[in-house]
Each structure stands twice: as structure tokens, then as C-alpha cells.
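# Residue-level structure breakdown
The primary structure of each chain is shown beneath.
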Amino acid sequence: MRLVHRTLALVAAATATVLGLTATPAAAATIEAGHLDVLDVDYTAGALTLDIRSYSPANDDLSPAGTTLRLRSTSAIAVPSGSAWNCLGAAGSTAYVAPQAENPNLIWPGWNTEDVPAAQGPVRMELVGVSSVPAGGRFALYTTNSFGTPTFRLNSNSAAGCPISAWPGNIGAGIHAHGNWAFSALGTYTLSFRATANGGAGVASPTVNYTVQVG
């Protein structure tokens, strides 16, 4: 069962609706499972924003500020052997992965540019920085094809040939997809992202910090 504690946020949102105030993303304390578009890119009135889209109990935009995404330790996998996996870690080492395919016991994070008009796309997504409590903690976002071969989209691994600070080829407008969000160690990570709409005026979002607790 997904644990989302946002009673106060929902009350505030309802009050804003009654009063006719401008809605702002709600804030959740901790989310441990369920469908999330962690990189939810919205384009409104010439501005680009990054927030978290939640789908349960209802579609809602959550503010990354004050929201912690918890990846349970049961997400642990052994890094496969083979050169394709070198940038995830040493073969046989442990990685904690929120998987590309939905697992109801874990967070299922994705990205979403459905609210970006085609004329404003594609979207450049940057991993501005990763800070972590565990020494040397690393983050990687990768997808796998039907053969299980990984393609890394973003990676903080500093090993030769591994760092990826900007999403290769960018993300098209109107996209909703999922990948594997991997962490090298238990602890709390701050992931900093920035999005830029490459079309139109080329507007950029602010740099937004996300908190992920692994374990």
C-alpha cells in the first residue's frame, strides 16, 4: 500500500479552490510505493516547471520540496556482468533500483512531458548534481530493451566514459515513460535537475532538488 501523507496539503488545496486562489503543487511527506512521474515537466504561460506527478489516489502535482521518495532496501539487485553494465557498478556489487517495470511494493518513477506543447520540445533534461549521505554514493537512470541491454540516460558515475549530465538526444514533447532509477548505496540523496524547452523561446525551469531515501 502506498504511503502518502498529505492531509494538510489536500486541505490547503481545497481551501485555495474555494477561495479561487492560484493552485500550487501539494507537498507529501514520504512516498514509498506507487506510480510517480518524478520528472514531470509542465509548460504554462511561457514558464517551464518541474514537479512530481502522482496518480493515486488521484492525479496530483506534488512539490519536490518537502517530499521524500523512499526506495526500500528490498530493491537491491546484483549488478550483472558484462561491459554494458560497467557504468552501473562492478559486476556482483549491490545496486538499489526502482525498476522500469512496475513493482507494487516499490516506487515506480518515470518522466512526463505530456504538458509540453510540440512547438516547445524537445526537452533537455540535465542532472545538475548529486549529493549524498553515503560516501561515494552514485545515481544512474537507465532504460533496458527487450533483451535487457541497458542504455544510460543520466549518470553521476565519475569513471571514464560513464558521466552523463544531459539526457542524450533530449526528451520529446508529449512523452510519458519509465526507466530504472539506480543508487549505489543506502542513504539519503539529493538529486538536482533542470529542464529546458529547446523549442520556442527556449525557456528553462529553475534547478529543482529531489530527496530520495534509499533503505
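Attention here is on the structure that accompanies the text. (Residues numbered from 1 in each chain as written. Predicted model: local features only at pLDDT ≥ 70, side-chain atom pairs only at ≥ 80, totals over all residues. Heavy atoms only, no water.)

### Some points on the sheet that holds strand β2 (residues 34-44)
Strand order in the open sheet formed by five strands is β4-β3-β2-β8-β12, with mixed pairing between adjacent strands. Only two strands of the sheet have a single partner each, and these edge strands are β4 (60-62) and β12 (176-178). Going from strand to strand, the sheet's axes swing by 35° on average, the running direction of each strand aside. Inspection of the sheet shows β2 paired to strand β8 (residues 107-115) by seven bridges, in the parallel sense. By the bridge assignment for β8, Asp42 is matched with Asp115. (Pairing = 2+ DSSP bridges. Helix = DSSP H or I, 4+ residues; strand = E, 2+ residues; numbered from the N terminus. Axes fitted to C-alpha atoms, helices over the stretch in contact; angles between N-to-C directions.)

### Re the environment of Ala197
For Ala197, the position within the fold is in strand β14 (residues 187-197). Residue Ala197 is classed as buried on the basis of its relative accessible area of 0%. Counting along the chain gives 81 residues from Ala197 to Val116, while the straight-line C-alpha distance between them is 8.1 Å. Among residues more than four places away in sequence, those in contact with Ala197 are Leu48, Gln120, Pro122, Gly202 and Val203. (Buried < 20%, exposed > 50% of the residue type's maximum accessible area, 1.4 Å probe, protein only. Contact = heavy atoms within 4.5 Å.)

### Details of the sheet that holds strand β10 (residues 139-144)
Hydrogen bonds between backbone groups are what pair the strands of a sheet, and the pairing can be parallel or antiparallel. Taken in spatial order, the five strands of this open sheet run β6-β7-β13-β10-β11, and their pairing is antiparallel. Of all the strands in the sheet, the pair left with one neighbour each is β6 (76-78) and β11 (150-155). Taking the axes of each pair of neighbouring strands and ignoring which way they run, one obtains an average angle of 35° across the sheet. In terms of strand pairing, β10 meets strand β13 (residues 180-183) through four bridges, oriented antiparallel. Looking at β13, one finds that Phe139 is bridged to Phe183.

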